[in-house]
Amino acid sequence: MMKVEDAKVEAGPDIFSVEDLRIEAQIGGRWAEIVKGISFQLKRGEVLGLVGESGAGKSTIGLAALGNVKQGCRIAGGRVSFRGQDLFASPENIRRKLRGTRIAYVAQSAAASFNPAKRLMDQVTEAAVKRGGQSKAEAKRNACRLFRALQLPDPEIFGDRYPHQVSGGQLQRAMAAMALICEPDLIVFDEPTTALDVTTQVEVLMAVRNAIETFGVAAIYITHDLAIVAQMADRIAVLRYGEIVEQGPTNQILENPRHSYTRSLWAVREILTEPSQKTRTLLRVDRVSAFYGLLQVLDDVSLEIGRAETVALVGESGSGKSTLGRLIAGLKEPESGSVTFDGVSCPPSVSTRSKELLRRIQIIYQSADTALNPRHTVRKIIGRPLSFYHGATGENREARIGELLKLVELDPAFADRLPGQLSGGQRQRVAIARALAANPELIVCDEITSALDQIVQADILKMLVSLQEKLGISYLFITHDIATVKAIANHVVVMHRGQIVEQGPKADVLSPPHPEYTQLLLSSVPEMTSGWLDKVISDRRKLAAA
Amino acid sequence: MKSAYSPIFRLIAGRLALGILSLVIVSLVIFLAVSMLPGDFATATLGRSATPETVAAFRERLGLDLPWYLRYFAWLGHAIAGDFGQSFSGRPVGQIIGPRLLNTLYLAALTALVAVPLAVGLGIVAALYRNRLPDRMLSAASLASISVPDFFFAYVLMLLLAINLGLFPTLASIRPSMGWDDKLYRMALPVLTLTLVILAHMMRNTRAAIISIMSRPFIEMAKLKGESPFSIVVHHALPNAIGPIASVVAINLAYLVAGVVVIEVVFVYPGIGQTMVDAVRNRDIPVIQACALIFSVTYILLNMIADIVSIVSNPRLLHAR
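Residues numbered from 1 in each chain as written. Chains lettered and ligands numbered in written order. Predicted model: local features only at pLDDT ≥ 70, side-chain atom pairs only at ≥ 80, totals over all residues. Heavy atoms only, no water.

Would you mind showing me how to read the overall build of chain B here?
In terms of helices and strands, chain B carries 15 helices and zero strands. Of all 321 residues assigned to chain B, the portion counted as buried reaches 42%. Contacts in chain B between residues far apart in sequence, at least 24 positions, make up 74% of those at least 6 positions apart. Charge-centre separation for chain B: the mean point of 24 positive side chains lies 12 Å from the mean point of 15 negative side chains. (Helix = DSSP H or I, 4+ residues; strand = E, 2+ residues; numbered from the N terminus. Buried < 20%, exposed > 50% of the residue type's maximum accessible area, 1.4 Å probe, protein only. Contact = heavy atoms within 4.5 Å. Lys, Arg positive; Asp, Glu negative; His and termini not counted. Charge placed at Lys NZ, Arg CZ, Asp CG, Glu CD.)

Below, the structure written as structure tokens:
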């Protein structure tokens, strides 16, 4: 049953190995082990996938592969060897010479990892010219060749641009070019497509995969998404709390995981809501258009949300889905069209809406880090809407805060904490409790699980479903993640460039035939089978040829 | 290509327009504030024994009897043409201020030449060795220098370098007839004092601007590309910190022109600050107004330049998408 994936990898000595690596971090003044005795080996041309939730130690291990530890961390034991050389036993200047030339790094957010003040070409060729022994002209030629290989537009002049002048997907490929310029032996990819839209992600994955194959480099591919690692890696190591839970060839991990934790990593793909019966309409958006300056972001958009129904709004970033959410919540005024809530027309802006209407429509944001005041305790955060909308005071208010925390599955003792003392998932639960404090009938959820790990995401989605059953709330669930849509939506609305491409019951929208854009979106969602990317690549080539 | 650059022209034109508007407002404020100064030039000049008729005639001759707005527009119109009018003492204001202003600019330029590169350099060193010994020493020294008043520095340096060691003259009374080397020699102490006064502020801001950039992901990326700490600070962080550094430099340069009265008095340096103090003492309104206007122009001009530098140093603004 187990295919020998390693067949295409040259037999030969390991070019890179990690033995019993231990890394400690300073947490609250004490040293705590965050990487607890990790070992793995890589041969030339081999790709190892490191999977796990955030905090599992993936990035820490990725950085250690470059002989680097984050500030506040230290190596507590073990070896990281590159071609037999112990990196952490070598002086910093030796490690610096290897970085960027022999061992390269591709960071998660290319938009943040390129220097905004320098042209792309200068950044891509920097290591090659300074330490890789290439002349400026030679490095430029190599960069142009890589830009072409990575299918960047206008490869000859692409490098003359500044980072803000190109798109996120292009930047991510430019970063791959920067990593490949010295033809390194090892590349560490740290979540290179997490910040991208699904449709863009596929292009970057293809480009990266081709590059790895063409140049025969070994790679460590870090991600929290098993479906992606399935496409990229020869072997997978599943990490949890700084330990390798399970390691083996890709097919074996996917088809026959030995550890229950590995299975739970795709938990979110396994929740399923029942298809809903048609309910009474709660909110109607009728032929709405909106602009930012001269830029039209919503073009003649209409949709309905029923009571106790979940409508998923899907699309790439920039498709106008968040604007629509803000418009419903009264945070953005439409140019034309109307919003009707419970049969009554809504004033366009929060400042003209009644307090009662404000109470009935709440909004939750993607990033609870920035949506919660870091200097307010959880009690204050949840207590304010209780006082504002319901005039709750004293014991009454205190009791309600406790109830709300229990409702979002948090210990009432959390009331005294500050947001900084909570995990990402807990913070998002507090943000949900704050919305629930108003007793709303509709909650606009703007990408509220996008920043969370798979497992935490699954728990929060389950909780939202059960809250809906208990309280009869409707959700407008804005997301770019099809797995989330499959998990919780009753009704799906697909947006592209400010227009609605398709809408209908989940089963109809997710099954063929599809309009062209929905087809592209759905076919871009990575699947858990290891041959998926190859199939997408060949399908698209056929399509392009036809 | 022109259309791609037009946003930046709009931004710069906007800054220029704002600068001019501030100048007009400031000139009005100066004019009104000076008009409200207690005391009257006519009575002050003619003495207490002058008859009301003589005072009135004298006021009429100087145009002091006209309504304030007429006097304002006349003054502003002439000032724009470079004519600051007659001082009450009879000499043209331009003649009184001109050479003094040149002296002040000379002192300011010399100090800037020493202080700005030094401050930026030390700021880079402090950022490079953040929280290590060189940074701690620089930070302690700069704190000390910020807390000490400028005249105290002047006297301490005078005592140490001029009186005890005899390296420099105590007074910086330069004359137009001196050669440049003699001038330099006499100006050494005021330049040194002023450098110490403005160095700390610029250095700390340079350090802070660089350090705030150092936490950005592209700095980590540069490190993972194998860049040395020096190259990271100078080639990767510094280009992104030009804007904030330019604005703190501008404030300090403006201080060198408009705020050095005390130092000029201590070293008996014939600059514009002294001129203004004398003019205030003599109620010589045209001179006061001219000085104040020059100071404001300096502040506004330098800040405008800093704004434009920070716009031009930002590729996001310079190169449209």
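There's plenty left to go through after this.
Looking at this structure, I do not really get the overall build of chain A. What am I missing?
Looking only at helices and strands, one finds 22 helices and 20 strands in chain A. Taken along its principal axes, the extent of the C-alpha atoms in chain A is 70 × 60 × 50 Å. In chain A, which comprises 546 residues, the proportion classed as buried is 55%. In chain A, the proportion of contacts linking residues at least 24 apart, taken out of those at least 6 apart, comes to 68%. Total accessible area on chain A is roughly 23000 Å²; 49% of this is exposed by carbon and sulfur atoms. Positive and negative side-chain charges of chain A, numbering 66 and 62 respectively, have mean locations separated by a distance of 4 Å. (Areas by Shrake-Rupley, 256 points an atom, 1.4 Å probe, with all protein chains shown as cover.)

Would you mind showing me how to read the domain arrangement of chain A here?
How big an interface is tends to be stated in terms of accessible area lost as the parts join. All names here are of chain A. You can read the domains of chain A as domain 1 (5-266) and domain 2 (281-524). Taken residue by residue, the interface counts ten residues in domain 1 and ten residues in domain 2. Summed over both sides, the interface of domain 1 with domain 2 buries roughly 1100 Å², with 53% coming from carbon and sulfur. For domain 1, the biggest contributors to the area lost against domain 2 are Asp197, Val198 and Thr199; these three give 48% of the whole. At the boundary of domain 1 with domain 2, the tally comes to zero salt bridges. Inspection of the region where domain 1 meets domain 2 yields one residue pair in polar contact (both at pLDDT 80 or more). Among the elements of the structure, α8 (198-215) and α11 (260-264) are those that each provide at least two residues to the side of domain 1 that touches domain 2. Ranked by the residues each element gives to the side of domain 1 that touches domain 2, the list is headed by α8, at three residues. The residue inventory of the side of domain 1 that touches domain 2, partitioned by class, reads four nonpolar, four polar and two charged. (Domains from an automatic or database assignment. Buried area = accessible area lost by both parts, 1.4 Å probe. Salt bridge = Lys/Arg side-chain N within 4 Å of Asp/Glu carboxyl O. Polar contact = N/O pair within 3.5 Å; in protein donor to acceptor, adjacent residues only side chain to side chain. Nonpolar A, V, L, I, M, F, W, Y, C, P; charged D, E, K, R; others polar.)

Can you help me understand the sheet that holds strand β9 (residues 235-240) of chain A in this one?
Backbone-to-backbone hydrogen bonds pair the strands of a sheet. The strands run either parallel or antiparallel. Residue and element names in this part refer to chain A. The six strands are arranged β6-β7-β8-β3-β9-β10 in an open sheet whose pairing can be described as mixed. At either margin of the open sheet sits one strand with a lone partner, and together these are β6 (103-106) and β10 (243-249). Strand-to-strand twist of the sheet, defined as the mean angle between neighbouring strand axes without regard to direction, takes the value 15 degrees. As judged from the four bridges shared by β6 and strand β7 (residues 186-190), these two strands associate in the parallel manner. The residue of β7 that forms the bridge with Tyr105 is Val188. With respect to the sheet, helix α7 (residues 168-180) is in contact with β6 and β7, its orientation differing from that of β6 by roughly 175 degrees. Contacts between α8 and the sheet are confined to β3 (47-51), β7 and β8 (218-223), with β8 contributing the most and set at about 155 degrees to the helix. (Pairing = 2+ DSSP bridges. Axes fitted to C-alpha atoms, helices over the stretch in contact; angles between N-to-C directions.)

Whenever I open this one, the confidence of the model for chain A confuses me. Can you help?
Detailed reading of the predicted model is not advised wherever pLDDT is low. When pLDDT is averaged along chain A, the result is 87, and 95% of the positions lie at 70 or above. The low-confidence segment residues 1-9 of chain A (pLDDT under 50) makes 15 contacts with residues lying over four places distant or belonging to another chain. (pLDDT = per-residue confidence, 0-100.)

How should the UniProt feature "domain: ABC transporter" (unreviewed entry) in chain A be read in this particular structure?
Mapped onto the present numbering, the UniProt feature "domain: ABC transporter" (unreviewed entry) falls at residues 16-266 and 283-522 of chain A. As annotated, residues 283-522 of chain A comprises 40% helix and 26% strand, and the C-alpha atoms at either end are separated by 27 Å. (UniProt positions renumbered as here; feature names shortened; annotations may be inferred.)

Would you mind showing me how to read the nonpolar core here?
As a rule of thumb, soluble globular proteins bury nonpolar side chains together. One finds A:Phe16 and A:Ile220 to be the most contacted residues of the largest nonpolar core, which totals 95 residues. Beyond its immediate chain neighbours, meaning those up to four positions away, A:Phe16 contacts A:Phe40, A:Gln41, A:Leu42, A:Ala65, A:Val80, A:Ser81, A:Phe82, A:Leu186 and A:Ile220. If you look at the next biggest cluster of nonpolar residues, it comprises 74 residues, including B:Ala112, B:Ala127, B:Met203 and B:Phe295. (Core = buried A, V, L, I, M, F, W, Y, C linked by side-chain atoms within 4.5 Å.)

I would appreciate a short explanation of the interface of chain A and chain B in the present structure.
With 28 residues of chain A at the interface, the matching set in chain B holds 22 residues. When chain A packs against chain B, close to 2300 Å² is buried across both sides, 54% of that on carbon and sulfur atoms. One salt bridge in this structure joins A:Arg131 and B:Glu227, with 2.7 Å as the shortest N-O distance. Joining chain A to chain B, the criterion identifies 14 residue pairs in polar contact (both at pLDDT 80 or more). Looking at the side of chain A that touches chain B, the elements that each hand over two or more residues are α3 (110-113), α4 (120-130) and α7 of chain A. For the side of chain A that touches chain B, the leading source of residues is α4(A), giving four residues.

Which parts of the structure should I look at to understand the packing of aromatic side chains?
Here the distance between the centres and the angle between the planes together describe a pair of aromatic rings. Under the defined criterion, the tally for this structure stands at ten aromatic pairs over all chains. Judged by centre distance (5.5 Å) and plane angle (65 degrees), the rings of B:Phe31 and B:Tyr72 are edge-to-face. You can see B:Phe31 sitting in helix α1 (residues 2-35) and its partner B:Tyr72 sitting in helix α4 (residues 68-80), a full 41 residues away along the chain. When sorted by exposure, B:Phe31 lands in the same class as B:Tyr72, which is buried. On the basis of an interplanar angle of 45 degrees and a centroid distance of 6.3 Å, the ring pair of B:Phe168 and B:Tyr185 is categorised as tilted. One end of the pair, B:Phe168, is in the loop between α7 (150-164) and α8 (180-214); the other, B:Tyr185, is in helix α8, with 17 residues separating them in the sequence. Of the residues examined, B:Phe168 reaches a relative accessible area of 26% and is grouped as partly exposed. By relative accessible area, which is 40% here, B:Tyr185 ends up partly exposed. Through pairs of rings, three or more aromatic residues link up here, namely B:Phe31, B:Tyr72, B:Phe73 and B:Trp75. When the ring centre of A:Phe388 is taken as reference, the NZ or CZ atom of A:Lys355 above it lies at 4.5 Å. Across from the ring centre of A:Phe414, 4.3 Å away, lies the NZ or CZ of A:Arg417, which sits over that ring. (Phe/Tyr/Trp six-rings, centres within 6.5 Å; stacked < 30°, edge-to-face > 60°. Lys NZ or Arg CZ within 6 Å of the ring centre and 35° of its normal.)

Looking at this structure, how should I read the packing of α8(B) against helix α11 (residues 242-258) of chain B?
When two helices pack together, you describe them by how their axes are tilted relative to each other and by the distance separating the axes. All names here are of chain B. Their axes nearest at 9 Å, the elements α8 and α11 cross at an angle of 165 degrees. With respect to their mutual orientation, α8 and α11 come out roughly antiparallel. In this structure, α8 meets α11 at a crossing whose hand is right-handed. On α11, the residues that touch Leu194, Val197, Ile198, His201, Met202, Asn205, Thr206 and Ala209 of α8 are Pro244, Ile245, Val248, Val249, Asn252, Tyr255 and Leu256. Its residues placed into classes, the contact of α8 with α11 shows eleven nonpolar, four polar and no charged. (Parallel < 35°, antiparallel > 145°, perpendicular 65-115°, else oblique. Left-handed = near helix turned anticlockwise from the far one by under 90°.)

Would you mind going over the pairing of β7(A) with me for this structure?
Looking down a regular strand, the side chains alternate between one sheet face and the other. Residues and elements named next belong to chain A. Counting buried positions along β7 gives five out of five residues, so the element sits mostly inside the fold. Residues of β7 alternate between two faces, with Leu186, Val188 and Asp190 on one and Ile187 and Phe189 on the opposite face, all of them buried. By the bridge criterion, five bridges tie β7 to β8 in an arrangement that is parallel. Across the sheet, Leu186 pairs through a bridge with Ala218, a residue of β8. Taken together, β7, α8 and β8 constitute a β-α-β crossover, and its handedness is right-handed. (Right-handed = clockwise from strand over helix to strand, strands pointing away.)

Even after reading the chapter, I still don't get the packing of α11(B) against helix α14 (residues 285-312) of chain B, so can you show me in this structure?
Residues and elements named next belong to chain B. Axis separation between α11 and α14 bottoms out at 8 Å; the angle between their running directions is 165 degrees. By the angle class used here, α11 and α14 are roughly antiparallel. For the crossing formed where α11 meets α14, the hand is right-handed. Between α11 and α14, the contacting residues are Ile242, Gly243, Ala246, Ser247, Ala250, Ile251, Leu253, Ala254, Tyr255, Val257 and Ala258 on the first element and Phe295, Thr298, Tyr299, Leu302, Asn303, Ala306, Val309 and Ser310 on the second. Taken together, the residues of the contact of α11 with α14 sort by class into 14 nonpolar, five polar and no charged.

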